[in-house]
Amino acid sequence: QQPVQSPQAVILREGEDAVINCSSSKALYSVHWYRQKHGEAPVFLMILLKGGEQKGHEKISASFNEKKQQSSLYLTASQLSYSGTYFCGTEGRNAGGTSYGKLTFGQGTILTVHP
Amino acid sequence: DVKVTQSSRYLVKRTGEKVFLECVQDMDHENMFWYRQDPGLGLRLIYFSYDVKMKEKGDIPEGYSVSREKKERFSLILESASTNQTSMYLCASSLRGPDEQYFGPGTRLTVT
């Protein structure tokens, strides 16, 4: 089952902040975040592997609440270059404990940053 | 730089034709994936492979098959194309396990 992303779309002015949420109905092994600009392939932003883990990437950071099966992506002081569609990809825990990186992606959140 | 290439950017096929989509990666990655992307549905996994000749079904494997005879090449096959398979197809690869995935540029397939 696909994770649910919210909001579906967000419009910002340069310098504003945004939060994108990703919720799963199953226990998670990892959460990935990708950004896709129009007409281009998705590009990796970050992976979160441990519950409670937070990671940063320039002014973009993310957290992973394993207990709630949720992850959030934080974009601070947004820039025009942040515009695009953001996808979370989740990998569920399996009994064997192995990971093949098999991701189930959310439907995406369209972020538009205006000058 | 990791490079993932796909055989065609645009492809138009007729209903019932057999279609081959090829993907090649040049970084010795173990894992390779095929997704389709449709508006409002995000990326949906069709098949993936974690080793040569190994394949696993993804979330929407019906109507598709795959082949991985060499580590660097992963092919998606539509045995008998149908109009509901019109979509953007993206290939990706990752080193192993839950590593970041590198995506190819995509193939926009239209089945008429």
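Look up a bit, the structure's there.
The model shown is predicted, which means the values in this text are computed figures rather than measured ones.

(A) Quick look at the interface of chain B and chain A. On the chain A side, the residues contacting the 25 residues of chain B number 23 residues. When chain B packs against chain A, the two sides together hide about 1800 Å² of surface, and 60% of this comes from carbon and sulfur. Per-residue buried area on chain B facing chain A is highest for Leu43, Pro98 and Phe103 of chain B; these three make up 29% of the total on that side. At the boundary of chain B with chain A, the tally comes to 0 salt bridges. At the boundary of chain B and chain A, one finds 3 residue pairs in polar contact (both at pLDDT 80 or more). Put simply, the parts of the chain that give the side of chain B that touches chain A at least two residues each are strand S4 (31-38) and strand S5 (42-51) of chain B.

(B) Seen up close, the sheet that holds strand S8 (residues 73-78) of chain B. Residues and elements named next belong to chain B. Here we have 4 strands laid out as an open sheet, ordered S1-S3-S8-S7, and antiparallel in their pairing. Unpaired on one side and paired on the other, strand S1 (4-6) and strand S7 (64-70) mark the two borders of the sheet. Neighbour-to-neighbour, the strand axes of this sheet turn through a mean angle of 20°, independent of strand direction.

(C) Region of interest: the nonpolar core. Ranked by size, the top nonpolar core spans 21 residues in total, and within it Trp33, Met46, Leu73, Leu75, Tyr82, Tyr86 and Leu111 of chain A carry the most contacts. Secondary-structure elements contributing two or more residues to this core are strand S2 (9-13), strand S3 (18-23), strand S4 (28-36), strand S5 (43-48), strand S7 (60-65), strand S8 (70-75), strand S9 (84-92) and strand S11 (109-114) of chain A. Not counting residues within four places of it along the chain, the set of residues in contact with Tyr82 of chain A comprises Arg35, Lys37, Lys59, Ile60, Leu75, Thr76, Ala77, Leu111 and Val113 of chain A. With 20 residues, the next largest nonpolar core counts Val19, Tyr47, Tyr64 and Leu76 of chain B among its residues.

(D) Region of interest: the side chain of Ser65 of chain B. Residue and element names in this part refer to chain B. The topology assignment puts Ser65 in strand S7. Residue class for Ser65 comes out buried when judged on its relative accessible area of 18%. Polar contacts involving the side chain of Ser65 include one to the side chain of Glu79, which spans 3.3 Å.

The rules behind each value
Throughout, a residue's number is its position along its own chain's written sequence, starting from 1. Each chain is given a letter, starting from A, and each ligand a number, starting from 1, according to the order in which they appear as written. Local features in a predicted model are, by the rule used here, given only for residues with pLDDT of at least 70; side-chain atom pairs are given and counted only at 80 or more, and totals for whole chains, interfaces and linings are based on all residues. Based on all heavy atoms of the structure, the side-chain values leave hydrogens and waters out of the count. The contact criterion used is simple: two residues touch if any of their non-hydrogen atoms lie within 4.5 Å. Here the quantity called buried area is the accessible surface, traced with a 1.4 Å probe, that two parts lose on coming together, added over both. Only one rule defines a salt bridge in this text: a Lys or Arg side-chain nitrogen within 4 Å of an Asp or Glu carboxyl oxygen. The definition of a polar contact used here is a pair of N or O atoms within 3.5 Å, where within protein one atom must be able to donate a hydrogen and the other to accept one, and adjacent residues in sequence count solely through side-chain atom pairs. Under the scheme used here, helices are H or I runs from DSSP no shorter than 4 residues and strands are E runs no shorter than 2 residues, and both carry numbers assigned from the N terminus. Strands pair, by our definition, only if DSSP identifies at least two bridges between them. Lines fitted to C-alpha atoms define the axes here, with helix axes fitted over just the stretch in contact, and angles between the N-to-C directions of these axes take values from 0 to 180 degrees. For our purposes a nonpolar core is just a set of buried Ala, Val, Leu, Ile, Met, Phe, Trp, Tyr and Cys residues, chained together by side-chain atoms within 4.5 Å. Buried means the residue's accessible area, taken with a 1.4 Å probe over protein chains only, is under 20% of the maximum for its type, while exposed means over 50%, and partly exposed covers the values in between.

In short, the description is geometric, and any link to function would need to be established separately.
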